[in-house]
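For reference, the chains in residue letters:
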Amino acid sequence: MAKTLLPVRPVVAALSAQWAALDALATSLTDEQWAAPSILPGWSIADVIAHIIGTESTLAGRDVAAQRDVGALEHVRNPIGELNERWLDHYRGASRAEVMAAYREIVATRTDALSRITQDEFDADAMTPAGADSYGRFMRIRIFDCWMHELDIRDSTDGSLPTDPEPAEWALAEIAASLPFVVGKRARTPQGTTVVFQIGGPAPRTTRIVVGDRAAEVDELPGGDAAADVTLVLDGVDLARLAGGRRTADPERVGIAGDLAIGSAIVANLDYVI
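**Q** Which parts of the structure should I look at to understand the overall build of the protein chain?
**A** Counting its secondary structure elements, the protein chain contains 10 helices and seven strands. Its C-alpha radius of gyration of 19 Å places the protein chain within 12% of the 19 Å reference for a compact globule of 274 residues. Along the first, second and third principal axes, the C-alpha atoms of the protein chain reach 60 × 40 × 35 Å. In the protein chain, which comprises 274 residues, the proportion classed as buried is 49%. Here the analysis covers contacts within the protein chain between residues at least 6 apart in sequence; of these, 68% occur between residues at least 24 apart. Total accessible area computed for the protein chain in this model is approximately 12700 Å², and 53% of it derives from carbon and sulfur atoms. Taking the average location of the 25 positive side-chain charges in the protein chain and that of its 40 negative ones, the two points are 2 Å from each other.

**Q** I tried to follow the packing of helix α3 (residues 45–59) against helix α7 (residues 135–156) on my own but got confused; where do I start?
**A** The description of two helices packed together rests on the angle between their axes and the distance between the axes. The N-to-C vectors of α3 and α7 enclose an angle of 170°; their axes lie 10 Å apart at closest approach. Comparing the axis directions of α3 and α7 gives the class roughly antiparallel. The residues of α7 that touch α3, namely those facing Ile45, Val48, Ile49, His51, Ile52, Thr55, Glu56 and Leu59, are Phe138, Met139, Arg142, Asp145, Cys146, His149, Ile153 and Ser156.

**Q** Where do I start with the environment of alanine 26 in this structure?
**A** With respect to the helices and strands, the residue alanine 26 is situated in helix α1 (residues 8–28). Put simply, alanine 26 and valine 48 are 22 residues apart on the chain and 9.9 Å apart in space, counted from C-alpha to C-alpha. With sequence-adjacent residues up to four places away left out, alanine 26 is seen in contact with Trp34, Ile49, Arg96 and Met100.

Quick notes on the rules
Residues numbered from 1 in each chain as written. Predicted model: local features only at pLDDT ≥ 70, side-chain atom pairs only at ≥ 80, totals over all residues. Heavy atoms only, no water. Helix = DSSP H or I, 4+ residues; strand = E, 2+ residues; numbered from the N terminus. Rg over C-alpha atoms; globule rule 2.2 N^0.38 Å. Buried < 20%, exposed > 50% of the residue type's maximum accessible area, 1.4 Å probe, protein only. Contact = heavy atoms within 4.5 Å. Areas by Shrake-Rupley, 256 points an atom, 1.4 Å probe, with all protein chains shown as cover. Lys, Arg positive; Asp, Glu negative; His and termini not counted. Charge placed at Lys NZ, Arg CZ, Asp CG, Glu CD. Axes fitted to C-alpha atoms, helices over the stretch in contact; angles between N-to-C directions. Parallel < 35°, antiparallel > 145°, perpendicular 65-115°, else oblique.

Structure, rendered in structure tokens:
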């Protein structure tokens, strides 16, 4: 599989914008909202911010010792989940001010590091949550993860939506990159099938997939989009909720045209995020 090569400066700018959006959102919360349970199992809203701190701290070469065995927790399914819980435990005894200070410190540290990264370093091989790829792909995944967690916080409080289209564009590009995997492997869509995702919302896009020996995204379909065997029409925010397996996800909000059985199988298997 070809390595994902992305332009360093636009990706870094979008990640910085997303970190700023999370800071502004967290700052706007009441103390009651900050401490309240989020839509994520076992996590408060404060834990969501602590998770971001933990991931960026790990990327900065930092670690924390385990305070308990978190592997048996129902929502922990893999080593990444265990690492997440270690960082949450680390910050659960801290005040809101201390957590936000830690967030701003690690964001400043990571911003400084990324401001000096070269395109060659961005293109270099890296192990990402999606497997072996480029460091730039990892940073696009970081935009997706942070954008997704902004949505989690909003869904846990007032139900508002992210408003900055720049991080949304990169976050949805990351989801789109995984749609061939969903269509081909998870949904087991038959070879020869053509699928179109018409994605609306904060960063509209159209993703076209042809299922051959492997499912692959293409720029255009033979016969055009109207000839697709299946067309799925949905909002980008709804797609993110479905991809993340969030309890706020609503499969009924997806419009399906063409082969209903194949379309329904694809929607049922959209929850691919680990």
